[in-house]
Structure formats: C-alpha cells, structure tokens
Amino acid sequence: MTTPTRGFFGRRRERDPRLPPGQYDVGADWPVLTAEPTPRIAPETWSISVDGKVANPSTWTWDEAHALPGSEYRGAIHCVTTWSKFDTWFAGVSVDTLLEAAQPTDDAHFVMATSKTGYTTNLPLEDVTGGKAWVVWDFDGKPLPTEHGGPVRLLVPHLYFWKSAKWVTRLTLMTRDQPGFWEQNGYHDRGDPWREQRYQGDD
Ligand SMILES: Nc1nc2c(c(=O)[nH]1)N[C@H]1C(S)=C(S)[C@@H](COP(=O)(O)O)O[C@H]1N2
Ligand SMILES: [Mo]
C-alpha cells in the first residue's frame, strides 16, 4: 500500500504575510470591544483638543476638523484578542495635521489619547507622526458606527487596536510615558503586533 503524500490536498495554505504572529483573519466580521458603556455623541457637540507639551494648544470642532486636508487609511487592523481584519478603509485627518497646528515642544515624547468616556491609552509620539495615525470619522465611505467609536476615533493601525481610542476627544503631549487604561491593567506600553508586544514585560 502506498502512503498517501501530504502535499497536494493536505498542504497547509501559505500563511498570509499580512497576518502578524498569533493572529487570525476574522474575515468580514468586525468585533466590538468596549470596556465602558457606549456613549452617544452628537457631532455638533464633539471636538478634539491637542494640549500638554505643545506651543499652541488647539481645539477643532466637527466642522473645523472636516475643513482640514483629509487623509485615508486602507489596510489591516489587529486586536490583541488575536483577530486581524484586512482591507479596512477609514477616512478623516492625519494626526500630523493636528500636530502641525499645535506644535509639540522639544520635550514632547509621548501622547495620551483620551476618550469622551474617560478611556485612555498612551503612545510614543513617533507612533502617531509620519503618516502612521489618524483621527477618523468614516469607515467604508460611511459615517463610523457609534459602537466602533463614532462619531470620531483615533486610528493607529500599526499597533494593537486598543491604542485606537474610540470616541477620542483629546491628545495630550507628555514628556514621560504614563500608562493608559489597558496599560495599567497589564497590557504593553507600545503594542507592536509584529513583535507580539501584548503584555507588560513582553520584550
Ligand atoms: N473608548 C474606548 N476605546 C477603545 C476601547 C474601549 O474599550 N473604549 N477598546 C479598545 C480595544 S481593546 C480595541 S480591540 C478596539 C476595538 O475597536 P472596535 O470595537 O471598533 O473593534 O478599540 C479600542 N478602543
Ligand atoms: Mo482589543
């Protein structure tokens, strides 16, 4: 009797190169992960402020933010609970545009993002500059759904998705790093999915 060769039918599919280690492709689904009750925020009452270590503390209303040059992200997002979602399409404004107006001072090295709800998450300044982070209000050409952070959320897709604060209203520039909500609860201060920086103490 011949031994059936694993190979033709049994061969494992090539791992998608867009998938960081320990992640799986969630497909068309988009899980909702929220630690607090979902707030209802009317766009007319929403604003975003950039404060802390900046020369020119600045606030934009909904209309003012929409009057800024727009910017889009197309690509993957990665949640620390191991799902990744490919081919997302978000639109809003680049964080670079907000920082250009607010002018971080030389001693600004970290950012705390704060949500209307009080949720916080910390990021190195260099992870939100250079075209890597957005403040977004559209998903797939439609208003961002409330449960996904609408009217406006932060988007930092190269880091685990807990860094992308939903219902974001404030970016505070800081000299020293300070842990946000999940970071105080054991999650990593940076959260690079390619390095599997899931928990405090991971490399
Ligand atoms: N305000 C707020 N933002 C948040 C969260 C949250 O609980 N509250 N959860 C974070 C986590 S852990 C993830 S994975 C993503 C989930 O976003 P989604 O619900 O749109 O998938 O939002 C992040 N931003
Ligand atoms: Mo998450």
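What counts, and where the lines are drawn
Residues numbered from 1 in each chain as written. Chains lettered and ligands numbered in written order. Predicted model: local features only at pLDDT ≥ 70, side-chain atom pairs only at ≥ 80, totals over all residues. Heavy atoms only, no water. Near = heavy atom within 4 Å. Polar contact = N/O pair within 3.5 Å; in protein donor to acceptor, adjacent residues only side chain to side chain. Areas by Shrake-Rupley, 256 points an atom, 1.4 Å probe, with all protein chains shown as cover. Nonpolar A, V, L, I, M, F, W, Y, C, P; charged D, E, K, R; others polar. Buried < 20%, exposed > 50% of the residue type's maximum accessible area, 1.4 Å probe, protein only. Helix = DSSP H or I, 4+ residues; strand = E, 2+ residues; numbered from the N terminus. Arc of directions from axis to C-beta. Contact = heavy atoms within 4.5 Å. Phe/Tyr/Trp six-rings, centres within 6.5 Å; stacked < 30°, edge-to-face > 60°. Lys NZ or Arg CZ within 6 Å of the ring centre and 35° of its normal.

A. Representation of the site of ligand 1. Surveying the vicinity of ligand 1 reveals 21 residues, the closest of which are P31, A35, H148, R153 and K166. Contacts to ligand 1 include A35, whose backbone N or O atom sits 2.7 Å from an oxygen atom. At a separation of 3.0 Å, a nitrogen atom of ligand 1 approaches a polar backbone atom of S164. Here ligand 1, which alone exposes 530 Å², has 97% of that area covered by the protein. When the residues that make up the shell around ligand 1 are grouped by side-chain class, the tally is 13 nonpolar, five polar and three charged.

B. Here's a closer look at helix α2 (residues 95–102). Turning to α2, its buried residues number three or more, namely V95, L98, L99 and A102. Taken down its axis, α2 places every buried residue within 95° of arc, on the same side. On its buried face, α2 sits against β2 (47–52), β3 (58–61), β5 (83–94), β8 (134–139), β10 (153–155) and β11 (168–174). N-cap assignment for α2: the residue whose side-chain oxygen lies 3.1 Å from the backbone N of D96 is S94.

C. Highlighting the packing of aromatic side chains. For the structure on display, the rule yields 13 aromatic pairs. Taken together, a centroid distance of 6.2 Å and an interplanar angle of 80° make the contact between W83 and F161 edge-to-face. Of the two residues, W83 sits in strand β5 while F161 sits in the loop between β10 and β11, which places them 78 residues apart along the sequence. Classification of F161 by relative accessible area gives buried; the value is 8%. Consider the rings of Y160 and W162, whose centres lie 5.8 Å apart with planes at 15°: the pair is stacked. Comparing Y160 with W162, the two get one shared label, buried. Three or more aromatic residues joined by ring pairs make a cluster, and in this case those are Y119, Y160, W162, F181, W182, Y187 and Y199. Directly above the aromatic system of F86 lies the positively charged group of R18, at a separation of 3.9 Å from the ring centroid.

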